[in-house]
Amino acid sequence: MKIILLPLFYFGLLFGQDSLKVEIDPCSDPLLILARKNGIKAVGVINIFKYRKLVKACEKQGGELVVQQIELQDFERDYRKSKTMASWTSTYSVCVFIIMTYYFIGLGTATE
Amino acid sequence: MIAQPKLSSDLGFGFYEPTMEGFDKNEEVPFPTKSVLGRNILLNWGVYYEFFSNARIGYSSFTSVEIGKMKFQNSSPVFIRSLKYRLFPLETFFRWRSKIEINFTLAPIWGRGRITVETTPGEKTDDWNELLNSFGDSDPMGDMGSSDAMINDWIGYSGMIGIRYYLTSRIGLDFKAGFLNNSYDRKSWKLFNKKDIIGPELEINELPIFSFKIIYGIK
């Protein structure tokens, strides 16, 4: 009995079934979903290398459009948020502009 | 985390043109020959935090360093001169295009000038006295410490207008033009335990400045 069971056991170990390889889609990784939803800056510096790897993997798997969309959306989001100046910031900018103009006019007239 | 980087750091160069008569026209002590790198280029780094929509505060440091050998009567000590303009900017900005930003900055300045003479212990006092005499200080040092440097602090303000191009949503190139207005007083240098030492004549009070830097959005 031992002679029959032992080889069966060893062969079972040697030619065991391969574990099922689950193919994970890099384009649907939570990090990329986060970048798509809240912007690339939401990923954080610690995860930036992991994010870059995922982007490359996603592009390899034909997800160029997904990556492009993330980047475009990020620029658009930034643009929407800061294309108009809020509250006191416009007044401040005008003040800086006036000071600069006054300074350079003064500099120009002083050196003439 | 949406919109512009809340926390960002930058690294770059500044360009300005100070007049340093105290070194260049010094008849008693020949200073190292002036170079563009030591005289006109400023090393710049900074950190900014977006505290309000379209506004950032931060710290930005512009440093100019000049190193070389001086020629005294009996020795040739190493001379290190640094001018550090520490800015505490308040910057407002808006996006003109999706990748282009225009920014406006006003900043108080805490400036510091530092002169170090690396000399032998035996000749330290004589060397420093020779240097100070060349600046016009007739009241020489009687005693010196083991490591000494002439230091002068001043305050000032700066204004700049800049344009920034974002290569990615994190990385951008920033160009600024503006001025530095410093209240440098050559009679308020400090050395060892003495105050009000006369230092070199420097024309750094009203200077146009240009800066170019790379921005990286951390968060």
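Residues numbered from 1 in each chain as written. Chains lettered and ligands numbered in written order. Predicted model: local features only at pLDDT ≥ 70, side-chain atom pairs only at ≥ 80, totals over all residues. Heavy atoms only, no water.

*Asks:* I keep staring at the overall build of chain A and nothing clicks. Help me out?
*Replies:* Secondary structure assignment for chain A yields five helices and zero strands. Across chain A, helices and strands are ordered from the amino to the carboxyl terminus as α-α-α-α-α. Looking at chain A residue by residue over its 112 residues, the buried ones come to 27%. When contacts within chain A are restricted to residue pairs at least 6 apart in sequence, long-range pairs at least 24 apart make up 52% of them. For chain A, the computed accessible surface area is about 8,500 Å², with 65% contributed by carbon and sulfur atoms. (Helix = DSSP H or I, 4+ residues; strand = E, 2+ residues; numbered from the N terminus. Buried < 20%, exposed > 50% of the residue type's maximum accessible area, 1.4 Å probe, protein only. Contact = heavy atoms within 4.5 Å. Areas by Shrake-Rupley, 256 points an atom, 1.4 Å probe, with all protein chains shown as cover.)

*Asks:* Honestly, the interface of chain A and chain B in this entry has me stumped. Any pointers?
*Replies:* A common measure of how large an interface is: the accessible area buried when the components associate. Between chain A and chain B, the contact holds 32 residues from the first and 39 residues from the second. Here chain A and chain B share an interface that buries about 3,100 Å² over both sides, 72% of which is from carbon and sulfur atoms. Residues R95(B) and D78(A) are paired through a salt bridge, measuring 3.5 Å at the closest nitrogen-oxygen approach. Elements with a minimum of two residues in the side of chain A that touches chain B: helix 4 (64-82) and helix 5 (89-111) of chain A. It is helix 5 of chain A that contributes the most residues to the side of chain A that touches chain B, ten residues altogether. (Buried area = accessible area lost by both parts, 1.4 Å probe. Salt bridge = Lys/Arg side-chain N within 4 Å of Asp/Glu carboxyl O.)

*Asks:* It is not clear to me how the domain arrangement of chain A should be interpreted in this structure. Could you clarify?
*Replies:* What the domain assignment lists for chain A is domain 1 (22-81) and domain 2 (85-112). If you average the C-alpha positions of domain 1 of chain A and of domain 2 of chain A, the two centres end up 41 Å apart. (Domains from an automatic or database assignment.)

*Asks:* Which parts of the structure should I look at to understand helix 3 (residues 48-60) of chain A?
*Replies:* Side chains that are three or four residues apart share a direction in an α-helix, a result of its 3.6 residues per turn. Look at helix 3 of chain A: 18 Å from first C-alpha to last across 13 residues, which is about the 18 Å you get at 1.5 Å a residue. Where helix 3 of chain A is concerned, the buried positions are I48(A), Y51(A), L54(A), V55(A) and C58(A). For helix 3 of chain A, the angular spread of the buried residues around the axis is 115°, confining them to a single face. Seen from the open side of helix 3 of chain A, the exposed residues pointing more than 90 degrees away from its buried face are F49(A), K53(A), K56(A) and K60(A). For helix 3 of chain A, the elements touching its buried residues are helix 2 (30-38) and helix 4 of chain A together with strand 11 (206-217) of chain B. Where helix 3 of chain A terminates, the next one or two residues include G62(A), which has phi positive at roughly 90°. (Expected span 1.5 Å × (residues − 1). Arc of directions from axis to C-beta.)

*Asks:* Where do I start with the pattern of salt bridges in this structure?
*Replies:* All names here are of chain B. Evaluated as defined, the whole model comprises 19 salt bridges over all chains. As a salt-bridge pair, D153 and K190 come within 3.7 Å of each other at their nearest N and O atoms. On the criterion of sequence distance, the pair formed by D153 in strand 7 (residues 149-166) and K190 in strand 9 (residues 189-191) is long-range, its members being 37 residues apart. Note that R186 is salt-bridged to E201, the shortest N-O span being 3.6 Å. Of this pair, R186 sits in the loop between strand 8 (171-182) and strand 9 while E201 sits in the loop between strand 10 (194-197) and strand 11, placing them 15 residues apart in sequence. According to the relative accessible area criterion, R186 is partly exposed, its value standing at 24%. Judged by relative accessible area, which is 30%, E201 ranks as partly exposed. Salt bridges sharing partners connect three or more residues here, namely R56, E91, E101, R164, D174 and K176.

*Asks:* Where do I start with the nonpolar core in this structure?
*Replies:* Proteins that are soluble and globular tend to have nonpolar side chains buried together. Counting residues in each nonpolar core, the largest one holds 35 residues, and the members touching the most others are Y16(B), Y85(B), L131(B) and M150(B). For this core, the secondary structure elements donating two or more residues are strand 4 (78-87), strand 6 (100-118), helix 3 (124-135), strand 7, strand 9 and strand 11 of chain B. The contacts of L131(B), once residues within four sequence positions are left out, are F31(B), M70(B), F72(B), I115(B), V117(B) and M150(B). If you look at the next biggest cluster of nonpolar residues, it comprises twelve residues, including Y51(A), C58(A), V67(A) and I70(A). (Core = buried A, V, L, I, M, F, W, Y, C linked by side-chain atoms within 4.5 Å.)

*Asks:* Sorry if this is basic, but what is going on with the packing of helix 3 of chain A against helix 4 of chain A here?
*Replies:* When two helices pack together, you describe them by how their axes are tilted relative to each other and by the distance separating the axes. All names here are of chain A. Look at helix 3 against helix 4: their axes get within 7 Å of each other, and the N-to-C directions meet at 135°. Here helix 3 is positioned oblique relative to helix 4, judged by the angle of their axes. Contacts between helix 3 and helix 4 involve Y51, V55, C58 and E59 from the former and E64, V66, V67 and I70 from the latter. Here the residues of the contact of helix 3 with helix 4 sort into six nonpolar, no polar and two charged. (Axes fitted to C-alpha atoms, helices over the stretch in contact; angles between N-to-C directions. Parallel < 35°, antiparallel > 145°, perpendicular 65-115°, else oblique. Nonpolar A, V, L, I, M, F, W, Y, C, P; charged D, E, K, R; others polar.)

*Asks:* So what exactly am I meant to see when it comes to the environment of S35(B) here?
*Replies:* Residue and element names in this part refer to chain B. Assignment of secondary structure puts S35 in the loop between helix 1 (21-24) and helix 2 (36-39). Between the C-alpha atom of S35 and that of E66, which follows or precedes it by 31 residues, the distance is 8.5 Å. Residues contacting S35, with those up to four places away along its chain left out, are N40 and E66.

*Asks:* How should the state of the cysteines be read in this particular structure?
*Replies:* Every disulfide links exactly two cysteines, by a covalent bond between their sulfur atoms. Residue and element names in this part refer to chain A. For the coordinates displayed, the defined rule picks out one disulfide over all chains. Paired through a disulfide, C27 and C58 show a sulfur-sulfur distance of 2.0 Å. Taking the torsion about the sulfur-sulfur bond, which here is approximately 105°, the covalent link between C27 and C58 counts as right-handed. One end of the pair, C27, is in the loop between helix 1 (2-14) and helix 2; the other, C58, is in helix 3, and 31 residues separate them in sequence. We classify C58 as buried; its relative accessible area is 0%. (Disulfide = S-S within 2.5 Å.)

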